[in-house]
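One-letter residues, chain by chain:
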Amino acid sequence: MIFQTPELVQTIADIVAAILNFLFPIVSPMGVWMVSWMDYVLQFFPQNNLTFYITIFVIIMTTGAIVNIAWAGFKKPSFLDKAKKLKEKVEKAEELEEKVDKKAKKLKEKVEKAEELEEKVDKKAKKLKEKVEKKPKKLKEKKAKKLKEDAEELKEDAEEFKEKAEELKEDAKELKEDAEEFEEKAEELKEDAKELKEDAKELEVEKAKEFEEKAKEFEEKAEELKEGAKEFEEKAEEFEEKAEELKEEAEELEEKSDNPNTD
Amino acid sequence: MGRSFNIVKGLIYLSIYITTTMVIPYFTFTFIKEMQILGVDIILEQPDYERIIYWVSAFGLLISSCAFFNYSSPKQSIRKGTISLIQIILNCLYIWSYKFSGATEVRFEIVIELANLGFIAVNVQNMVMLYMGIYFLTIVLKGYDFFDFIINRKTIREKRYKTQLGGIDKA
């Protein structure tokens, strides 16, 4: 069909010729330069030895197959591996955070209970003291017995309170250690995130920033927990002292109720 | 997908390049070596016919093997950039080998009933020059690609893994 319309062919030929004529002065000098170096390079190619080219063909094919099978380009880049490891670390840190948080909560509850116990024992001690102080010069035997029993009870309560305070102290120490570990992890995480930020580009930088923020958050939380643990420890020590005091008081009262006729 | 897909892709391009750089030129030159138009024998006076075929085969083999390497390599990889640059340079040499072997100045002898009436010489050297100029621009582009792949290696690799956190290991 196309050969039956020579005018169309002529038009196409004219257009192609116009394009070529337009490009010729621009592109042709480049072609001349190309030709000059190619003429030089071609001298080094064997002119009558097809075996040489066949050997190179086989070498390139084999190398290409081996290289592209062994390194197909799907292996995860190391900086992405780093991000994955960092994510795992963040998850572990989150678990630790939860654990430490729970411990802190429990300890807080224990402190509250200890405070209640302290109040109770304190009240009892006060009552008993009042009773002992108000006692008549000559206490009846029955009343003295009752007083002794109360003093013994107080002593037991004080002992319990002391045990609780000791327990609390140990827990507070443990919490402090956990908080310190958490703080270390947060610091490590922060450093890793910084490293990742330096290594990665574009998309990963955002992730690294996120990690860094999370690490900062963890660090703050760890600091808070550490302070909380310290506070608990101080409180536990205070309780211990108070328990000791109460115990002594109870013993004193017991002694007094044992010898009602002294004073 | 994956490794085998890349290799199959490489083999497909290998066959395409063998066809276009070796088989078609071979048949073309063999066909025009002795042809008859309207009862007039036009004999390709090309004493270096063998020579043309030699260069076509030599560079055809090199270009085809490079095409295999190039198309079986991962996208935007440095090795792909390197091999495609080599391939384009070999392409230039291949085109120029036509001239080198005398194929850009083809002489046809016109023979009617054993009487030699003269010859027609077709000189396509200017055409080849123009073609070379275009190839020069292609080399510049491939060179740019090559440096781009080197400079933006990390970004390219990140994008390749679509970077959900930690990336997707397709291996």
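Residues numbered from 1 in each chain as written. Chains lettered and ligands numbered in written order. Predicted model: local features only at pLDDT ≥ 70, side-chain atom pairs only at ≥ 80, totals over all residues.

1. Topic: the overall build of chain A
Part 1 of the argument: A count of helices and strands for chain A gives five helices and zero strands.
Part 2 of the argument: Secondary structure elements in chain A, listed N-terminal to C-terminal, are α-α-α-α-α.
Part 3 of the argument: Relative to its full complement of 263 residues, chain A shows a buried share of 28%.
Part 4 of the argument: Long-range pairs, those at least 24 residues apart, make up 87% of the contacts in chain A with a sequence separation of at least 6. (Helix = DSSP H or I, 4+ residues; strand = E, 2+ residues; numbered from the N terminus. Buried ≥ 20, exposed ≤ 12 C-beta atoms within 10 Å, placed from the backbone. Contact = placed C-beta atoms within 7 Å.)

2. Things to note about the overall build of chain B
Part 1 of the argument: Counting its secondary structure elements, chain B contains five helices and four strands.
Part 2 of the argument: Starting at the N terminus and walking to the C terminus, you meet the elements of chain B as α-β-β-α-α-β-β-α-α.
Part 3 of the argument: Within chain B, the fraction of its 171 residues that count as buried is 29%.
Part 4 of the argument: Sequence separation of at least 24 residues holds for 67% of the intrachain contacts in chain B that already meet a minimum separation of 6.

3. Considering the interface of chain A and chain B
Part 1 of the argument: On the chain B side, the residues contacting the 41 residues of chain A number 42 residues.
Part 2 of the argument: Of all the elements in the fold, those that place two or more residues in the side of chain A that touches chain B are α1 (6-42), α2 (50-70), α3 (78-134) and α5 (203-258) of chain A.
Part 3 of the argument: Per element, the largest residue contribution to the side of chain A that touches chain B is 13 residues, and it comes from α1(A).
Part 4 of the argument: For the side of chain A that touches chain B, a count of residues per class yields 28 nonpolar, five polar and eight charged. (Nonpolar A, V, L, I, M, F, W, Y, C, P; charged D, E, K, R; others polar.)

4. Observations concerning the confidence of the model for chain B
Part 1 of the argument: Per-residue confidence for chain B gives a mean pLDDT of 77; residues scoring 70 or more make up 66%.
Part 2 of the argument: Element-level pLDDT for chain B is lowest in strand β2 (residues 40-44) of chain B, with a mean of 60, against a maximum mean of 90 in helix α2 (residues 49-72) of chain B. (pLDDT = per-residue confidence, 0-100.)

5. Re the nonpolar core
Part 1 of the argument: Counting residues in each nonpolar core, the largest one holds 40 residues, and the members touching the most others are A:L154, A:L168, A:L175, A:L189 and A:F232.
Part 2 of the argument: Those elements that place two or more of their residues in this core are α3, α4 (141-199) and α5 of chain A.
Part 3 of the argument: Within the second largest apolar cluster, 33 residues are counted, among which are A:I60, B:L14, B:V56 and B:I83. (Core = buried A, V, L, I, M, F, W, Y, C linked by C-beta atoms within 7 Å.)

6. Concerning the packing of α2(A) against α2(B)
Part 1 of the argument: For the pair α2(A) and α2(B), interaxial distance at closest approach is 9 Å and the crossing angle is 5°. Put simply, α2(A) runs roughly parallel to α2(B). When α2(A) is examined against α2(B), the residues A:L50, A:Y53, A:I54, A:I56, A:F57, A:I60, A:M61, A:G64 and A:N68 are found in contact with a partner set consisting of B:Y54, B:S57, B:A58, B:L61, B:L62, B:S65, B:C66, B:F68, B:F69 and B:S72. (Axes fitted to C-alpha atoms, helices over the stretch in contact; angles between N-to-C directions. Parallel < 35°, antiparallel > 145°, perpendicular 65-115°, else oblique.)

7. Examining the confidence of the model for chain A
Part 1 of the argument: In the predicted model, chain A carries a mean pLDDT of 76, and the fraction of residues at 70 or more is 84%.
Part 2 of the argument: Per-element mean pLDDT across chain A ranges from 74 in α3(A) up to 93 in α2(A).

8. Quick look at the environment of A:K89
Residues and elements named next belong to chain A.
Part 1 of the argument: Within the element layout of this structure, K89 appears in helix α3.
Part 2 of the argument: The class for K89 is partly exposed, based on 17 C-beta atoms found within 10 Å.
Part 3 of the argument: In this view, K89 contacts L189 and D192; residues no more than four positions away in its chain are not counted.

9. Digging into the environment of B:T30
All names here are of chain B.
Part 1 of the argument: Tracing the chain through its elements places T30 in helix α1 (residues 3-33).
Part 2 of the argument: Look at T30 and you get exposed, because 12 C-beta atoms sit within 10 Å.
Part 3 of the argument: The spatial distance from the C-alpha of T30 to the C-alpha of I53 is 9.1 Å, given a sequence separation of 23 residues.

10. Some points on the environment of A:K207
Part 1 of the argument: Mapped onto the secondary structure, A:K207 falls in helix α5.
Part 2 of the argument: Along the chain, A:K207 and A:K87 lie 120 residues apart, while their C-alpha atoms are 9.6 Å from each other.

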